Structure formats: C-alpha cells, structure tokens
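Survey of secondary and tertiary structure
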Amino acid sequence: MTDSFALNRANWNERAELHAASPDYAFERFASDPAHLSGVVRFDRPRLGDVAGLRGVHLQCHIGTDTVSLARLGATMTGLDFSGTALAEARRLASAAGAAIDFHEANVYDAVEVLGAGRFDLVYTGIGALCWLPSAARWASVVAGLLRPGGRLFIREGHPMLWALDADATPAVPKYPYFEHAEPLVFDDPGTYVNVDRPIANSVTHSWNHSLGEIITALLEQGLTLTGLTEHDSVPWEALPGQMVRDDVTEEWRLKETPSRLAASYTLQAVKGG
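The paragraphs below set out a description of the structure included in this document. The structure displayed is predicted, hence computed values, not measured ones.

1. Quick look at the overall build of the chain
Across its full length, the chain holds nine helices and eleven strands. A compact globule built from 274 residues would reach a C-alpha radius of gyration of about 19 Å, and the chain, at 18 Å, matches this within 12%. Each of the three principal axes of the chain carries a C-alpha extent, and together these read 45 × 45 × 40 Å. Counting every position in the chain, which comprises 274 residues, the buried fraction comes to 53%.

2. Thoughts on the packing of aromatic side chains
Enumeration according to the criterion identifies eight aromatic pairs in this entry. Here Tyr 178 and Phe 179 contribute two aromatic rings whose centre-to-centre distance is 5.0 Å and whose plane-to-plane angle is 85 degrees, an arrangement assigned as edge-to-face. An aromatic cluster is built from Trp 12, Tyr 25, Trp 132 and Tyr 193, whose rings are joined through pairwise contacts. A cation over an aromatic ring shows up here: Arg 15 above the ring of Trp 12, its NZ or CZ 4.2 Å from the ring centre. One cation-aromatic arrangement involves Arg 156 over Phe 43; the distance from NZ or CZ to the ring centre is 4.1 Å.

3. Some points on the pairing of strand E9 (residues 244-247)
Across four bridges, the pairing between E9 and strand E10 (residues 252-255) is antiparallel. Its bridge partner being in E10, Arg 246 is matched across the sheet by Trp 253. Hairpin remark: E9 followed by E10, antiparallel, with four residues in the connecting loop; positive phi at Glu 251, about 60 degrees.

4. Focus: the packing of helix H7 (residues 136-146) against helix H9 (residues 212-221)
Two elements in contact, H7 and H9, have axes whose closest approach is 8 Å; the angle formed by their N-to-C orientations is 40 degrees. What the angle tells us is that H7 and H9 run oblique. For the pair H7 and H9, the sense of crossing is right-handed. The segment H7 lies against H9, with Ala 136, Ala 137, Trp 139 and Ala 140 engaging Glu 214, Ile 215, Ala 218 and Leu 219. Considered class by class, the residues forming the contact of H7 with H9 number seven nonpolar, no polar and one charged.

5. Here we look at the nonpolar core
Formed by 45 residues in total, the largest nonpolar core has its most connected members in Val 68, Ile 101 and Leu 240. Sorting the residues of this core by element identifies helix H1 (2-21), helix H2 (27-32), helix H3 (39-48), helix H4 (65-72), helix H5 (84-97), strand E4 (120-125) and E10 as the ones contributing at least two each. No other element matches H5, which puts six residues into this core. Apart from the residues within four sequence positions on either side, Ile 101 is in contact with Thr 67, Val 68, Ala 71, Met 77, Thr 78, Gly 79 and Ala 94. Core analysis: the second largest hydrophobic core is formed by 36 residues, Phe 82, Phe 120, Leu 130 and Ala 140 among them.

6. Topic: the pattern of salt bridges
Oppositely charged side chains are able to pair whenever their charged atoms sit close together. Under the counting rule described, the total for this entry stands at twelve salt bridges. Between Glu 89 and Arg 92 there is a salt bridge, with its nearest N and O atoms 2.7 Å apart. Of the two residues, Glu 89 and Arg 92 are both situated in helix H5; the distance of three residues between them amounts to about one turn of the helix. Its relative accessible area of 47% is what places Arg 92 among the partly exposed residues.

7. Structural notes on H9
Residues Leu 212, Ile 215, Ile 216, Ala 218 and Leu 219 constitute the buried set of H9. Buried positions in H9, seen along its axis, are confined to an arc of 155 degrees and lie on one side of it. A positive phi of about 85 degrees marks Gly 223, the residue just after H9.

8. Topic: the sheet that holds strand E1 (residues 55-59)
The strand order across the open sheet built from seven strands is E3-E2-E1-E4-E5-E11-E8, with neighbouring strands paired in mixed fashion. Unpaired on one side and paired on the other, strand E3 (102-105) and strand E8 (224-232) mark the two borders of the sheet. Across the sheet, the axes of successive neighbouring strands diverge by a mean angle of 15 degrees, strand direction being ignored. Both E8 and strand E11 (residues 265-272) contribute to a ladder of eight bridges, which runs antiparallel. Among the inter-strand pairings, Gly 228 is bridged to a residue of E11, identified as Gln 269. Together, E1, strand E2 (76-81), E3 and E4 form the strand contacts of H4, whose direction differs from that of E2 by roughly 170 degrees. Taken strand by strand, H7 contacts E1, E4, strand E5 (147-158), E8 and E11, and its axis lies near 140 degrees from that of E5.

Basis of the calculations
- Residues numbered from 1 in each chain as written.
- Predicted model: local features only at pLDDT ≥ 70, side-chain atom pairs only at ≥ 80, totals over all residues.
- Heavy atoms only, no water.
- Helix = DSSP H or I, 4+ residues; strand = E, 2+ residues; numbered from the N terminus.
- Rg over C-alpha atoms; globule rule 2.2 N^0.38 Å.
- Buried < 20%, exposed > 50% of the residue type's maximum accessible area, 1.4 Å probe, protein only.
- Phe/Tyr/Trp six-rings, centres within 6.5 Å; stacked < 30°, edge-to-face > 60°.
- Lys NZ or Arg CZ within 6 Å of the ring centre and 35° of its normal.
- Pairing = 2+ DSSP bridges.
- Axes fitted to C-alpha atoms, helices over the stretch in contact; angles between N-to-C directions.
- Parallel < 35°, antiparallel > 145°, perpendicular 65-115°, else oblique.
- Left-handed = near helix turned anticlockwise from the far one by under 90°.
- Contact = heavy atoms within 4.5 Å.
- Nonpolar A, V, L, I, M, F, W, Y, C, P; charged D, E, K, R; others polar.
- Core = buried A, V, L, I, M, F, W, Y, C linked by side-chain atoms within 4.5 Å.
- Salt bridge = Lys/Arg side-chain N within 4 Å of Asp/Glu carboxyl O.
- Arc of directions from axis to C-beta.

Pasting the structure below:
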C-alpha cells in the first residue's frame, strides 16, 4: 500500500501543475469572477443545499477548485490532499480567488489524526477520489471520525459500473473488477482527463474499484444513515473517448447512443447519528 501511495503521489504531483495550467480548471476565471464555481459543484447545487456557515472538509481536494467553490457558497473550508504540489496550486488558487481555506498535506487515511475528531459539519469528496484508496471500510471510518454528530457526508463520484469498463474498447465492455479487490489495478498512461501541453512522465498508477453496495455498507457500519443516492448517466470528463458527447449546459459527458445504458456517476449523502 505504501508503494502504491508513493507511486500515485508522484503521478499526482506531476498532474497538479499541468491541471492548474489547463484551461479546463479555469484558474483565471476563478480569479476574475467572484461568482464562478467549479462544474462539479454547480452540477450538484440542488442536492447540496445551503452550506453557509458549515465547517467543511474536502478530502482529496487536489488543486482546490471544488474547495474554493464550497467556500464561495459560505462554508468555512479545510482541504486535505497527499500531494504537496497540488496543495501549492490550491493555495495559489485560493489566494487569487480571495478564499480563506486551511489546507493540509496528509494521506486521507490519516485525516482524523491530522485534523481532529468530530470537528466538521460537512465532509465533501469530489469525483475521482475513492478509486485511489484500497479500502472503502477504512475510508468510511475516516468520514465518521471527522464528522460531528448530525454532520453529513456529501460525495460525487464515478460509478463503479464505469470504472469496471475497458475505455479502450469500442464499445466499452466490462474488463475490471466491480467489487473491491486486494491487489491494485496497474495502469501506465501518460495522459490525463483534461487538456494539457505535455505527457506525464510518472505515468504508472495503482487504483481500486469499490462496489456501490460496499461503499454504502461501509458507511452504515460506521453509524451513518443514508439520506440520498442519485445515479447519473454523465460524468465531468470524457471517460470513454470517442463514445461520449458533451452537454454544453451541464458541461457533463454521456454516451452518444442511449446514455441510459450506463450509470456513469452518483451523488451520495449520509448523516452521522448522534
């Protein structure tokens, strides 16, 4: 596991600078438009509701676009990520956007030790996060540990049905495990999910899938109550190249033909019992 995290950190350190420079992450728009929000947060605003005044923590916050967006909606935000390079970009973004955010560098599994137990009204996780963690149960214990009684989890994530598909096949077909697995999936891909100006040198990554049932059960076993689960036929990036089309209104990608065939992402909400 240690080797997997080190390998992935090298990849994300390199991605962070490329992502911050990419127009897809819109750093300049955040700086020039005080009302601008990330596409991920905009997509889920009807489900997110009013977060003004909440103490929130964004786990695996990457370069901070969703974190800044939540701060702009009135939450007092903390961001945590294992990539120091990503956090340097996140701090730069927050400064340019005029957002006061407390960023911490740590493995997500160490979040309670680093940030303190029961401190937060809201734990937020954006899309493309759980696939980098080997254990959904351990992640759920972190979520429960961070939340105060009555606090809530809000997560938008790629659907395990999507993660199980071979994106290089046309049409995409199941290739990878749907259920959680001990050994990581190993990929060697010099690309990334946004437009960048050069390939990634640290291209090897380790990842894991977790079934929807395993994720929900892990949260229930930690004393959380499921309050919302919405499955979507879209994701914020072209997950299956050449097979998806972008909706210019939502800025999301879905299958060109019969998108109802694929659960591509989901939004999950849960509350910690008191």
